[in-house]
Amino acid sequence: MAAGKGKELEIADGSGKKKKLIIIGAVVAVLAVGGGAFVMLSGGSEPVPQEMDVAADGAPAAEEGAAASADKGSALYVTMPRPFIFNVPGATKDRLVQIKVQLLVRGSNNEETAKVHIPLIESTLLRTFSTSNAEQLITVDGKEELKKKALREVQDALTGVAGSQVVEEVLFTGFVMQ
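Residues numbered from 1 in each chain as written. Predicted model: local features only at pLDDT ≥ 70, side-chain atom pairs only at ≥ 80, totals over all residues. Heavy atoms only, no water.

Moving on to the overall build of the chain. Of regular secondary structure, the chain possesses 6 helices and 4 strands. If you list the helices and strands of the chain from N to C, you get α-α-β-β-β-α-α-α-α-β. Here the chain holds 178 residues, and 26% of them are scored as buried. Contacts in the chain between residues far apart in sequence, at least 24 positions, make up 65% of those at least 6 positions apart. When the accessible surface of the chain is totalled, it reaches about 12,100 Å², and 58% of it is carbon and sulfur. (Helix = DSSP H or I, 4+ residues; strand = E, 2+ residues; numbered from the N terminus. Buried < 20%, exposed > 50% of the residue type's maximum accessible area, 1.4 Å probe, protein only. Contact = heavy atoms within 4.5 Å. Areas by Shrake-Rupley, 256 points an atom, 1.4 Å probe, with all protein chains shown as cover.)

Shown next as structure tokens:
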């Protein structure tokens, strides 16, 4: 009987080693796939600003339609440090709105000017956003009108302080209304 028990223990012991190897192999495969996916999807920590190729004379190298943009400099984006959260009146109840904003500027000088004046820009945008109502913000046209109004207000504020409009476009990169 003792010999029979020994054989059973050997079989059970060998089976445990196989299970351990299978588990270790599965963990290694999962880590390899996860690591590969992370490397492929991450691509970099920050988005690279897109710049237009410009010839030595300041004209666009390949695109004719962008001549006016090339004169102003390369397109850069300034992200507002935090989203704008505010209440707007609605027909039946007030709504809470959150908008994430980026500013399109041309050239590094305008980028630096916009960054220096972020408190002024935030104040201007919050004042502009809070004058809207829920019925306007439900429609695409209402959102577009708010973006245009925000651009005019920001450009006016920056013209008074910095002497130029600085911002070319106000972009909504996130918009939530509850």
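Still more ground to cover, so stick around.
Moving on: the pattern of salt bridges. Within the structure shown, the criterion is met by 6 salt bridges. As a salt-bridge pair, glutamate 122 and arginine 82 come within 3.3 Å of each other at their nearest N and O atoms. With glutamate 122 in helix H4 (residues 118-129) and arginine 82 in the loop between strand S1 (75-79) and strand S2 (84-88), this residue pair connects regions lying 40 residues apart in the sequence. A relative accessible area of 13% places glutamate 122 in the buried class. (Salt bridge = Lys/Arg side-chain N within 4 Å of Asp/Glu carboxyl O.)

Put simply, H4 and helix H6 (residues 140-162) touch, their axes get as near as 9 Å, and they point 145 degrees apart. Crossing geometry of H4 relative to H6 is assigned as right-handed. Between H4 and H6, the residues in contact are Leu120, Ile121, Thr124, Leu125, Arg127, Thr128 and Phe129 and Leu146, Lys149, Ala150, Glu153, Val154, Ala157, Leu158 and Val161, respectively. A per-class count over the contact of H4 with H6 returns 10 nonpolar, 2 polar and 3 charged. (Axes fitted to C-alpha atoms, helices over the stretch in contact; angles between N-to-C directions. Left-handed = near helix turned anticlockwise from the far one by under 90°. Nonpolar A, V, L, I, M, F, W, Y, C, P; charged D, E, K, R; others polar.)

We now examine the packing of helix H3 (residues 107-116) against H4. Their axes nearest at 5 Å, the elements H3 and H4 cross at an angle of 70 degrees. Judged by the angle between their axes, H3 and H4 are roughly perpendicular. Residue-level contacts link Ala114, Lys115 and Val116 of H3 to Ile118, Pro119 and Ile121 of H4. Each residue belonging to the contact of H3 with H4 can be placed in one class, and the counts come to 5 nonpolar, no polar and 1 charged. (Parallel < 35°, antiparallel > 145°, perpendicular 65-115°, else oblique.)

On to unusual backbone geometry. Positioned with a positive phi, valine 166 is a non-glycine residue whose angle comes to about 65 degrees. Tracing the chain through its elements places valine 166 in the loop between H6 and strand S4 (167-177).

Glancing now at the pairing of S2. Burial of S2 is one-sided: the residues Phe84, Phe86 and Val88 facing one way are buried, the residues Ile85 and Asn87 facing the other way are not. The sheet contact formed by S2 and strand S3 (residues 95-106) spans 5 bridges and is antiparallel. Note on S3: the bridge partner recorded for asparagine 87 is leucine 96. Taken together, S2 and the strand that follows it, S3, pair antiparallel across an intervening segment of 6 residues. (Pairing = 2+ DSSP bridges.)

Summed over all chains, the structure comprises 4 aromatic pairs. Both rings, one in phenylalanine 84 and one in phenylalanine 129, keep their centres 5.4 Å apart while their planes meet at 85 degrees; by these two values the pair is edge-to-face. Of this pair, phenylalanine 84 sits in strand S2 while phenylalanine 129 sits in helix H4, placing them 45 residues apart in sequence. Accessibility expressed as a relative area gives 0% for phenylalanine 129, which makes it buried. Here phenylalanine 172 and phenylalanine 175 contribute two aromatic rings whose centre-to-centre distance is 6.2 Å and whose plane-to-plane angle is 25 degrees, an arrangement assigned as stacked. The class of phenylalanine 175 is partly exposed, set by a relative accessible area of 25%. Taken together, the ring pairs connect Phe84, Phe86, Phe129, Phe172 and Phe175 into an aromatic cluster. Positioned above the aromatic ring of phenylalanine 172, the side-chain terminus of lysine 147 is 5.9 Å from the ring centre. (Phe/Tyr/Trp six-rings, centres within 6.5 Å; stacked < 30°, edge-to-face > 60°. Lys NZ or Arg CZ within 6 Å of the ring centre and 35° of its normal.)

Before going further, it helps to examine the nonpolar core. Within the largest apolar cluster, 27 residues are counted, with the highest numbers of intra-cluster contacts made by Met80, Val101, Leu125, Phe129 and Val167. Of all the secondary-structure elements, those providing two or more residues to this core are S1, S2, S3, H4, helix H5 (134-138), H6 and S4. (Core = buried A, V, L, I, M, F, W, Y, C linked by side-chain atoms within 4.5 Å.)

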